[in-house]
Amino acid sequence: MSSESEPGTGAVFSMVGVLYAILLAFVVIVVWEFSSKVHDDVQAEANDVSQIYFTARTLPEPQRSRLTALARDYAHTVAYDEWPAMRDGGTSADARAQVARMRAETAALRPVDAREEILMGQTLDAINALVDARRERTGAVSSPVPPVMWIGLLAGAVITIGFTFFFSYGRFRAQLLMITAMAVLLAFTLWLTYEMSHPFSGPTGLGPDAFLAILARFDEFS
């Protein structure tokens, strides 16, 4: 390590540091908004399933029994089968089939008065909303940050930390401590960004709590 930096090294380091900070901040914001949206989509989907269940309870037979059973089965499938599959980037074919059966059962209803016609429309609207929310949730199994961006983030971190070795602060231990602290902070930020870009896996992953909650509610009002 040299005792003093070369002329212009400080300016180059400042430019590299600012550019990397902008890139990292941009990715963090994108991932944070992505994670928040996934949480909202999961809550919306669970609410849609709940609406289908409780609206179906007011329909005539056989749609009442079939739709309530399908809503319960769908919530159970998502919570216990599809959620583990999403951690590996997959989805459940059973859940997709259950949604299709909900739509078919509702379409088979033949309203005999205005009340049943309104309930049928509400059920179909809830199923359509469920399909949209499900599409958003299952689409989130893929990271919003492309691999080439991760290469840039990792390369930028190495370059930024590497530039610090061109400067001497008089005491080696103090400089080593500052470089280590900077490296740890960058590593933690990159790790957290990676975890948040995979919202269904890892220690920060979102669990199926919303669907477990509506299953408990279904049991309460069975």
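From a predicted model like this one, the values you see are computed outputs, not experimental measurements.

Peer 1: Where do I start with the packing of aromatic side chains in this structure?
Peer 2: What describes a pair of aromatic rings is the distance from one ring centre to the other and the angle between the planes of the rings. This structure, assessed with the given rule, holds 8 aromatic pairs. Between F54 and F221 the ring centres are 5.8 Å apart and the planes differ by 80°, which places this aromatic pair in the edge-to-face class. With a gap of 167 residues between them, F54 in helix α1 (residues 9-56) and F221 in the segment after α7 (209-220) connect regions that are remote in the sequence. With a centroid separation of 5.4 Å and an interplanar angle of 90°, the aromatic rings of W83 and F200 are classed as edge-to-face. With W83 in helix α2 (residues 63-86) and F200 in the loop between α6 (172-196) and α7, this residue pair connects regions lying 117 residues apart in the sequence. Looking at F200, the relative accessible area reads 3%, which means it is buried. The rings of Y53, F54, F218 and F221 are connected pair by pair, giving a single aromatic cluster.

Peer 1: Honestly, the pattern of salt bridges in this entry has me stumped. Any pointers?
Peer 2: Pairing is possible between side chains that carry opposite charge, provided their charged atoms lie close to one another. Throughout the structure, instances matching the rule amount to 8 salt bridges. Between E45 and R137 there is a salt bridge, with the nearest N and O atoms lying 2.4 Å from each other. In this pair, E45 sits in helix α1 while R137 sits in helix α4 (residues 114-139), placing the two residues 92 residues apart along the sequence. Residue classification places E45 among the buried positions, given a relative accessible area of 0%. In this structure, the salt-bridge partner of D132 is R135, at a minimum N-O distance of 3.0 Å. Remark: R135 and D132 occur in helix α4; sequence separation between them is 3 residues, near one turn of the helix. We classify D132 as partly exposed; its relative accessible area is 42%. Linked through salt bridges whose partners overlap, the residues forming this network are E45, E82, R134 and R137.

Peer 1: Whenever I open this one, the packing of α2 against α4 confuses me. Can you help?
Peer 2: A pair of packed helices can be characterised by two numbers: the angle between their axes and the separation between those axes. It is at 14 Å that the axes of α2 and α4 come closest, and there the two elements cross at 5°. The angle between α2 and α4 falls in the class roughly parallel. Of the residues in α4, those in contact with L67, Y74, V78, E82, W83 and M86 of α2 are T123, L130, R134, R137 and T138. In terms of residue class, the contact of α2 with α4 is made up of 6 nonpolar, 2 polar and 3 charged.

Peer 1: I'm lost on unusual backbone geometry in this one. Help?
Peer 2: Among all residues except glycine, the phi angle is most often negative; among peptide bonds, the trans geometry is most common. Omega for the peptide link from E61 to P62 comes to 5°, which places this bond in the cis form. Relative to the elements of secondary structure, P62 occurs in the loop between α1 and α2.

Peer 1: How should helix α5 (residues 147-163) be read in this particular structure?
Peer 2: Helical geometry: 3.6 residues make up each α-helical turn, so side chains three or four residues apart lie on a common side. The first and last C-alpha atoms of α5 sit 24 Å apart over 17 residues, in line with the 24 Å expected at 1.5 Å per residue. Considered for burial, the residues of α5 that qualify are W150, L153, G156, A157, T160, I161 and F163. The buried residues of α5 occupy one face: seen down the axis, they fall within an arc of 160°. Exposed side chains of α5 directed beyond 90 degrees from the buried face belong to P147, V148, I151 and V158.

Quick notes on the rules
- Numbering of residues begins from 1 in every chain and follows the order in which that chain's sequence is written.
- Local features in a predicted model are, by the rule used here, given only for residues with pLDDT of at least 70; side-chain atom pairs are given and counted only at 80 or more, and totals for whole chains, interfaces and linings are based on all residues.
- For side-chain calculations, the full set of non-hydrogen atoms in the structure is used, while hydrogens and water are omitted.
- We call Phe, Tyr and Trp rings a pair once their centres come within 6.5 Å, taking the six-membered ring for Trp, and we label the pair stacked below 30 degrees between planes, edge-to-face above 60, and tilted otherwise.
- Working definition: helices are DSSP H or I runs of at least four residues, strands are E runs of at least two. Numbering for both runs from the N terminus.
- Buried means the residue's accessible area, taken with a 1.4 Å probe over protein chains only, is under 20% of the maximum for its type, while exposed means over 50%, and partly exposed covers the values in between.
- Put simply, a salt bridge is a Lys or Arg side-chain nitrogen that is within 4 Å of an Asp or Glu carboxyl oxygen.
- For helices, the axis comes from a line fit to the C-alpha atoms of the stretch in contact; other axes are also lines fit to C-alpha atoms, and the angle between any two N-to-C directions lies between 0 and 180 degrees.
- Each angle receives one of four descriptions, namely roughly parallel if under 35 degrees, roughly antiparallel if over 145, roughly perpendicular if within 65 to 115, and oblique otherwise.
- Contact definition: two residues touch when any of their heavy atoms are within 4.5 Å.
- Note that Gly is not counted as nonpolar here; it falls among the polar residues with everything else outside the nonpolar set of Ala, Val, Leu, Ile, Met, Phe, Trp, Tyr, Cys and Pro and the charged set of Asp, Glu, Lys and Arg.
- Given the number of residues in a helix, its expected span is that number minus one, multiplied by 1.5 Å.
- In this description, one arc is meant: the one made by directions from the helix axis to the C-beta atoms.

By themselves, these figures tell us nothing about what the structure is for.
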